[in-house]
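Spelled out from the first residue to the last, the chains are:
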Amino acid sequence: MKKIEKAKKFLQENLDLFQCPICQESFHTVDGNSLICLGGHNFNISKKGTIHFLTKGVSNEYNTEMLSARFRIAKAGLFDHMLDEIMTHIEEKNGTTIDIGSGEGSQLDYLSSLGLEGKKIGFDISKDAIALAGSHFTDAFWCVADLAHSPFASERYDTLLNIFSPSNYHEFKRMLKPNGTLLKIAPDKDYLVELRNLLYRDREEKQSYSNDVVVAKFQEHFPDSHRYTIRYTFPLTLENYQDLLEMTPLSWGASEEAKEYALAHPLKEITIHVCLLVGKM
Ligand SMILES: [Zn+2]
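Residues numbered from 1 in each chain as written. Predicted model: local features only at pLDDT ≥ 70, side-chain atom pairs only at ≥ 80, totals over all residues. Heavy atoms only, no water.

Caption draft 1: Highlighting the overall build of the chain. For the chain, the count of helices and strands is 10 helices and 11 strands. Computed over the C-alpha atoms, the radius of gyration of the chain is 19 Å, within 12% of the 19 Å expected from 2.2 N^0.38 for a compact globule of 281 residues. On the principal axes, the C-alpha backbone points of the chain span a range of 60 × 40 × 35 Å. Looking at the chain residue by residue over its 281 residues, the buried ones come to 51%. A separation threshold of at least 6 residues defines the contact pool for the chain, and within that pool the share at least 24 residues apart is 65%. Summed over all atoms, the accessible surface of the chain reaches about 13,100 Å², with 49% contributed by carbon and sulfur. Measuring between centres, the 31 positive side-chain charges of the chain sit 3 Å from its 39 negative side-chain charges. (Helix = DSSP H or I, 4+ residues; strand = E, 2+ residues; numbered from the N terminus. Rg over C-alpha atoms; globule rule 2.2 N^0.38 Å. Buried < 20%, exposed > 50% of the residue type's maximum accessible area, 1.4 Å probe, protein only. Contact = heavy atoms within 4.5 Å. Areas by Shrake-Rupley, 256 points an atom, 1.4 Å probe, with all protein chains shown as cover. Lys, Arg positive; Asp, Glu negative; His and termini not counted. Charge placed at Lys NZ, Arg CZ, Asp CG, Glu CD.)

Quick look at the structure:
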C-alpha cells in the first residue's frame, strides 16, 4: 500500500486519537487527502503520509545535516541499550504509543524492532525531521506538531515517550489514559562527557552538567515516579564520531576553533549517561 493510502487508513480508523489544533473539535472524516474537523478546518495529508499540524511557522535549530547525522549514528546503535531499557518499562506493548519530539524517527523504529506493536505516532516540531522519519520508517504515523497547539486528543494514549526533548506536563497528563505511563529520558552528568571535555577544554564551567531541575520538575508532577540510571560506553568509528560532532547540540555553543580541535582528535568511545523517569497516571 502507498504511504499516503496507509496514512489515510490509519487516520480514518483512529480519528479519536486526534483533535483540531485550531478549534479543539474532533476530526470527523478523511475526505480525499484531507483530515477535516467538525469546525471545518482541514489538514492536508502529504504523499509521504505525514500531516503538518502547525498553524504557523516555527523555527528550530535542527537542520537536515544534523538530522541525517543523528539518523546514521542511531542506526549504528548509539542509543540501543538505552532504548532496550525503555522497552522494559512499556506496559502496553499493544497499546497506543506516542513519541514526543521524535526527531528523525529512529527511536520509535528501534522500539518497533524490539516488538512494540499497537498504534504508534511520532511527532516533532521540525518538519525536516518528520520528512526524514516519513521516508524511512513506515511502521508509525508521523506528523509535524506543537504541544502548545496540540492535535492530540485527551486520555487516548497508553505510553508517552519523551526522549531528550522538552516537557509539557499539563499536556502529557491531558493526553494519557488513566493508568497510562510517561517515560522521560534526560541527560545525566556524564552524558557525552568525553566530547564535552574536548569541546570545552578551556571552559571548565561547561564541562559539567546537572539535571536536578529537570528531575525535580518531573517529580513535582509525578510524585510517585521512579528514577533509573542508564550508563554505558559506546565504541566509535571515525564515521560515527563525525556524525556525533554534527548532531550534538553541545557543539552549538563551542567555538569553531574548539570544533576543529575536536575533529582533529577523534574519540574512540563515548559515554551515554542518562536518567529514565517513569511516571504513572
Ligand atoms: Zn477545527
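Caption draft 2: Quick peek at the coordination of the zinc ion. For the zinc ion, the full set of protein donor atoms is C20 (SG), C23 (SG), C37 (SG) and H41 (ND1), at a range of 2.1 to 2.3 Å. Here the zinc ion is ringed by four donor atoms whose angles at the metal span 106 to 112°, and the overall shape comes out tetrahedral. We note that the donor set of the zinc ion lies within a single chain, spaced as C-x2-C-x13-C-x3-H. Highlighted residues: C23 in the loop between α1 (3-13) and β1 (27-31) and C37 in strand β2 (residues 34-37), separated in sequence by 14 residues. (Donors = N, O, S within 2.8 Å, 3.2 Å for Na, K, Ca; no water. Tetrahedral: all angles 85-135°; square planar, octahedral: opposite > 155°, others 65-115°.)

Caption draft 3: Expanded view of the sheet that holds β1. One open sheet holds the three strands; their spatial order is β1-β2-β3, and the pairing between them is antiparallel. Of all strands in the sheet, those with a lone pairing partner are β1 and β3 (42-44), marking the two edges. On average, adjacent strands in this sheet sit at an angle of 20° to one another, irrespective of strand direction. Bridge count between β1 and β2: four bridges; the pairing is antiparallel. (Pairing = 2+ DSSP bridges. Axes fitted to C-alpha atoms, helices over the stretch in contact; angles between N-to-C directions.)

Caption draft 4: Spotlight on the packing of helix α2 (residues 64-75) against helix α5 (residues 127-136). Interhelical geometry of α2 versus α5 gives an angle of 40° and a closest axis separation of 9 Å. Classed by the angle they form, the pair α2 and α5 counts as oblique. Seen along the crossing, α2 lies across α5 with a hand that is right-handed. Seen from α2, the contacting residues are T64, L67, S68 and F71; seen from α5, they are D128, A129, L132 and H136. (Parallel < 35°, antiparallel > 145°, perpendicular 65-115°, else oblique. Left-handed = near helix turned anticlockwise from the far one by under 90°.)

Caption draft 5: Quick look at the side chain of T181. Tracing the backbone shows T181 in strand β9 (residues 176-187). Beyond its immediate sequence surroundings of up to four residues, T181 is in contact with H89, E91, D158, T159, L160, L176, V278, G279 and K280.

Caption draft 6: Representation of the sheet that holds strand β6 (residues 119-124) in the model. The eight strands are arranged β4-β7-β6-β5-β8-β9-β11-β10 in an open sheet whose pairing can be described as mixed. Since the sheet does not close on itself, it has two edges, and those belong to β4 (51-52) and β10 (226-235), each with one partner. Together, β8 (157-163), β9, β10 and β11 (269-280) form the strand contacts of helix α3 (residues 80-88), whose direction differs from that of β10 by roughly 155°.

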